[in-house]
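# Coordinates in review
This is what each chain is made of:
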Amino acid sequence: LRGWRDEELIRAVLHASLKRISDFGPTDAAKLAWTLAKLQIKEGVQELWVALSKEAAKKICSSGRFIDISMTAWAFAKAGMAERVLFGQLASAALECEDLPPHTIANLLWAFAKSKNHNVTLFERLAVRAVDNVSCFDRQSISNTVWAYATVDFCHEDLFATFGNHTVESGIWKSFSPQMASNLLWAYAKVGV
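Residues numbered from 1 in each chain as written. Predicted model: local features only at pLDDT ≥ 70, side-chain atom pairs only at ≥ 80, totals over all residues. Heavy atoms only, no water.

## Brief notes about the pattern of salt bridges
- Within the structure shown, the criterion is met by five salt bridges.
- One salt bridge in this structure joins K59 and E55, with 2.9 Å as the shortest N-O distance. Of this pair, K59 and E55 both sit in helix α3 (residues 46–63), four residues apart, roughly one helical turn.
- By relative accessible area, E55 is classed as buried at 4%.
- The network of salt bridges with shared partners includes E55, K58 and K59. (Salt bridge = Lys/Arg side-chain N within 4 Å of Asp/Glu carboxyl O. Helix = DSSP H or I, 4+ residues; strand = E, 2+ residues; numbered from the N terminus. Buried < 20%, exposed > 50% of the residue type's maximum accessible area, 1.4 Å probe, protein only.)

Laid out in structure tokens, this is it:
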């Protein structure tokens, strides 16, 4: 099935989804947004993106499920459909989450930076969480995290120092892809650390 894509089937499912969007639970809505972004579907489905934004505001932001919040932020940022109001609500919801794994922290930061939604409170609190759990960050999460801070011109000195030390001392840098390495180096150069 590699490379298979039936546009007619996809459009029919998306049309049916729009009609029943209010029946979607928070995870279903997050997965649909993720799918639209992953398949790069924007044209002809703006009404569905608007409906998903409303569902996200109602259900995802109140669900307290970090994975739904992160997946939704990633999807709207990736698709270029990020709205300040929705991202403000996603930030508030993320700040209320007790448990945010490193991958989720990195995805949230990436989404907010990519969409130019710099929420100072979110970035500050996630920096503290990231610093406290730096040893649990994988190579992609390290690269995405420092890239996000540099992209929004937020030089959180403790985060950059801790991540830099960990990256070198753990030797994780040896497994970086060229893109990860260039993102990391660009981030440190941009913030002047």
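The structure having been displayed, the exposition proceeds.
## Re unusual backbone geometry
- The phi torsion at Q40 lies on the positive side, around 55°, for a residue other than glycine.
- With respect to the helices and strands, the residue Q40 is situated in the loop between α2 (26–38) and α3.
- One non-glycine residue, K116, lies in positive phi territory at about 60°.

## Some details on helix α8 (residues 139–151)
- Between its first and last C-alpha atoms α8 spans 18 Å; for 13 residues at 1.5 Å apiece the expected length is 18 Å, and the two agree.
- The buried fraction of α8 is high, at ten of 13 residues.
- S141, I142, S143, N144, T145, V146, W147, A148, Y149 and A150 are the residues of α8 that are buried.
- Next to the buried residues of α8 lie α6 (102–114), α7 (120–132), α9 (157–170) and α10 (178–191).
- Positive phi appears at D153, one or two residues downstream of α8, with a value of about 55°. (Expected span 1.5 Å × (residues − 1). Contact = heavy atoms within 4.5 Å.)

## Things to note about the nonpolar core
- Core analysis: the largest hydrophobic core is formed by 68 residues, its most contacted members being L52, L90, F112, Y149, L159 and F163.
- Those residues within four positions of Y149 in sequence are excluded, and the remaining contacts are L109, F123, L126, A127, F154, H156, L159 and F160. (Core = buried A, V, L, I, M, F, W, Y, C linked by side-chain atoms within 4.5 Å.)

## Notes on the packing of α7 against α9
- For the pair α7 and α9, interaxial distance at closest approach is 9 Å and the crossing angle is 25°. The orientation of α7 with respect to α9, classified from their angle, is roughly parallel. For the pair α7 and α9, the sense of crossing is left-handed. On the side of α7, the interface is formed by A127, A130 and V131, while α9 contributes D158, L159, T162 and F163.
- Across the contact of α7 with α9, the residue classes tally to five nonpolar, one polar and one charged. (Axes fitted to C-alpha atoms, helices over the stretch in contact; angles between N-to-C directions. Parallel < 35°, antiparallel > 145°, perpendicular 65-115°, else oblique. Left-handed = near helix turned anticlockwise from the far one by under 90°. Nonpolar A, V, L, I, M, F, W, Y, C, P; charged D, E, K, R; others polar.)

## A look at α3
- Compared with the 26 Å implied by 1.5 Å per residue over 18 residues, the 24 Å span of α3 between its first and last C-alpha is a close match.
- Within the sequence span of α3, burial applies to L48, W49, A51, L52, S53, E55, A56, I60 and C61.
- Where α3 is buried, its residues contact α1 (7–19), α2, α4 (66–78) and α5 (84–96).
- Downstream of α3 by one or two residues, G64 has phi in the positive range, about 75°.

## Concerning a nonpolar patch on the surface
- Together, W4, L9 and V13 make up a nonpolar patch on the protein surface, roughly 310 Å² of accessible area in all.
- Tracing the backbone shows V13 in helix α1. (Patch = residues over 30% accessible without salt bridge, like charges linked within 9 Å, V, L, I, M, F, W, Y side chains within 5 Å. Areas by Shrake-Rupley, 256 points an atom, 1.4 Å probe, with all protein chains shown as cover.)

## Points about the state of the cysteines
- Scanning all chains against the criterion turns up zero disulfides.
- In this structure C97 is a free cysteine whose sulfur lies 9.9 Å from that of C61, the closest cysteine sulfur available. (Disulfide = S-S within 2.5 Å.)

## Observations concerning the side chain of T162
- Relative to the elements of secondary structure, T162 occurs in helix α9.
- By relative accessible area, T162 is classed as buried at 18%.
- Among the polar contacts made by the side chain of T162, one reaches the main-chain carbonyl oxygen of D158 at a distance of 2.8 Å.
- Beyond its immediate stretch of four places on either side in the chain, T162 contacts V131 and V134. (Polar contact = N/O pair within 3.5 Å; in protein donor to acceptor, adjacent residues only side chain to side chain.)

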